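Reading the structure
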Amino acid sequence: MNAPHELLSPEELETCQSAVDVCPSFNLKKAARAVSRLFDEALQPAGLRSGQLVMLLNVASSGEPTYSQLARDLVMDNSTIARSLRPLEREGLLEVVAGPDRRRKTVRLTSVGAERIRQAVPLWNRAMAEFSRSVGDADWKRTVGDLNGLLESVRGY
């Protein structure tokens, strides 16, 4: 089997490296994985991953959102929302309620879910403090603003 440097010219290899260096999808995902790892490790004592806590917090703050509302808020499609909710529902942290036409499902926090949030938030606060020390509050606030602007720019795609 040929090594990549034998299959592509030096110019093509340079183009590949340049694309990796500037690709928004790759670089945002890489940064997200690193940040998620930090928060996932911090949340282990509460038995949650960072994405699960975000889902619980979103449901708690939204009241009883529909799948469509969650999908819009979390920038996911309905099938991903359904897959993400299943483990939380199995653990009794959330309850999925079918609407009158059974297509309009809503999600509500349970008392077990509220207790899990109470366990997780202090852990999240500690991870956030560590993250802020590493990144800097001003830089992080600017980055959040930039990310929100980016989200608004690409949301229509």
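What counts and how
- Residues numbered from 1 in each chain as written.
- Predicted model: local features only at pLDDT ≥ 70, side-chain atom pairs only at ≥ 80, totals over all residues.
- Heavy atoms only, no water.
- Helix = DSSP H or I, 4+ residues; strand = E, 2+ residues; numbered from the N terminus.
- Axes fitted to C-alpha atoms, helices over the stretch in contact; angles between N-to-C directions.
- Parallel < 35°, antiparallel > 145°, perpendicular 65-115°, else oblique.
- Left-handed = near helix turned anticlockwise from the far one by under 90°.
- Contact = heavy atoms within 4.5 Å.
- Nonpolar A, V, L, I, M, F, W, Y, C, P; charged D, E, K, R; others polar.
- Patch = residues over 30% accessible without salt bridge, like charges linked within 9 Å, V, L, I, M, F, W, Y side chains within 5 Å.
- Areas by Shrake-Rupley, 256 points an atom, 1.4 Å probe, with all protein chains shown as cover.
- Salt bridge = Lys/Arg side-chain N within 4 Å of Asp/Glu carboxyl O.
- Lys, Arg positive; Asp, Glu negative; His and termini not counted.
- Charge placed at Lys NZ, Arg CZ, Asp CG, Glu CD.

**Observations concerning unusual backbone geometry**
- Notably, V75 is not glycine yet its phi reads approximately 55 degrees, a positive angle.
- Along the chain, the position of V75 falls in the loop between α5 (67-74) and α6 (78-90).

**A few points about the packing of helix α3 (residues 24-43) against helix α7 (residues 111-135)**
- Two elements in contact, α3 and α7, have axes whose closest approach is 9 Å; the angle formed by their N-to-C orientations is 140 degrees. Taken together, the axes of α3 and α7 are oblique relative to one another. When the axes of α3 and α7 are compared, the crossing they make is right-handed. Judged by residue contacts, V35, L38, F39, A42 and L43 of α3 engage A120, L123, W124, A127, M128, E130 and F131 from α7.
- When the residues that make up the contact of α3 with α7 are grouped by side-chain class, the tally is 11 nonpolar, no polar and one charged.

**What about a positive patch on the surface?**
- The grouping of K29, K30, R33 and R37 at the surface amounts to a positive patch.
- Position of K29 among the secondary structure elements: in helix α3.

What is shown is where atoms sit, not what they do.
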